[in-house]
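Residue-level listing of the chains:
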Amino acid sequence: MKYLIAIVLITQATLFVRSAVAQTNWQSSPLNYQNSELNFNNSPLNYNNSPLNYQNSPLNSNATNGIFDTSGNRLGYEVQAPTGVTNIFDNNGNRIGYTPSRR
């Protein structure tokens, strides 16, 4: 009986994982190198993505890439990589999300 319960639980877990993986599109997957933070184009270490770049700085009142909450507080900024991925960073330069390329 213990073995039967174990087999049923393992089967259910396997089916759950397979369905979750099946819903993930490769183009939008973080495992796709194009979207990965390991890709230098998406890395916070890349100057184009750094808050030290004046274009991304919260001190730049003319910056057009800021992300704001409904109260008008700046939460971060977004930068589009040459590959088309839009990277979302907090004000400290930590990558907190991305939008996959639409190419």
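All figures in this text were calculated on a predicted structure; none of them were measured in a lab. Every chain begins its residue count from 1, and numbering advances along the sequence as written. Selection of residues for local features in this predicted model requires a pLDDT of at least 70, selection of side-chain atom pairs for listing and counting requires 80 or more, and totals for whole chains, interfaces and linings are taken over all residues. Excluding hydrogens and water, the side-chain figures rest on all heavy atoms present in the structure.

## Here's the deal with the overall build of the protein chain
Rules: Under the DSSP-based scheme used, a helix requires at least four consecutive residues in state H or I and a strand at least two consecutive residues in state E, with every element numbered from the N terminus. Burial here depends on accessible area, computed with a 1.4 Å probe over protein chains only, as a share of the maximum for the residue type. Under 20% is buried, over 50% is exposed, and the range in between is partly exposed. The contact rule is simple, with two residues in contact once any of their heavy atoms fall within 4.5 Å. Residue exposure ignores everything except the shown protein chains as possible cover, and the areas themselves are Shrake-Rupley values with a 1.4 Å probe.
The number of helices and strands found in the protein chain is 1 helix and 4 strands. For the protein chain, buried positions account for 30% of its 103 residues. Taking contacts inside the protein chain between residues at least 6 apart in sequence as the whole, the part at least 24 apart equals 26%. Accessible surface, the protein chain as shown: approximately 7500 Å² in total, 60% of it carbon and sulfur.

## So, the sheet that holds strand E2 (residues 74-80)
Note the following rule: One bridge is not enough; two strands pair if DSSP finds at least two bridges between them. To define axes, lines are fitted to C-alpha atoms, for helices over the stretch in contact only, and angles between the resulting N-to-C directions are given on a 0 to 180 degree scale.
Spatially, E1-E2-E3-E4 is the arrangement adopted by the 4 strands of the open sheet, whose pairing is antiparallel. Edge positions in the open sheet fall to strand E1 (66-68) and strand E4 (95-99), since each of these has one partner strand only. Ignoring strand direction, the axes of neighbouring strands in this sheet form an average angle of 30°. Summarising the sheet, E2 and strand E3 (residues 86-90) pair through 5 bridges and their orientation is antiparallel. When the sheet's bridge partners are listed, Gly-76 is paired in E3 with Asp-90.

## Things to note about the environment of Trp-26
Relative to the elements of secondary structure, Trp-26 occurs in the loop between helix H1 (2-22) and E1. Taking the C-alpha atoms as reference points, Trp-26 and Pro-100, separated by 74 residues in sequence, lie 9.9 Å from one another.

## Examining the pairing of E4
As judged from the 4 bridges shared by E3 and E4, these two strands associate in the antiparallel manner. By the bridge assignment for E4, Asn-87 is matched with Tyr-98. A loop of 4 residues connects E3 with E4, the two strands running antiparallel in sequence, and Gly-93 in this loop sits at a positive phi of about 90°.

## Things to note about the environment of Asn-53
Of note, Asn-53 is situated in the loop between H1 and E1. Discounting chain neighbours no more than four positions away, the residues touching Asn-53 are Tyr-47 and Asn-48.

## Comments concerning the environment of Asn-46
Relative to the helices and strands, Asn-46 resides in the loop between H1 and E1. Not counting the four nearest positions on each side in its chain, Asn-46 is found in contact with Phe-40 and Asn-41.

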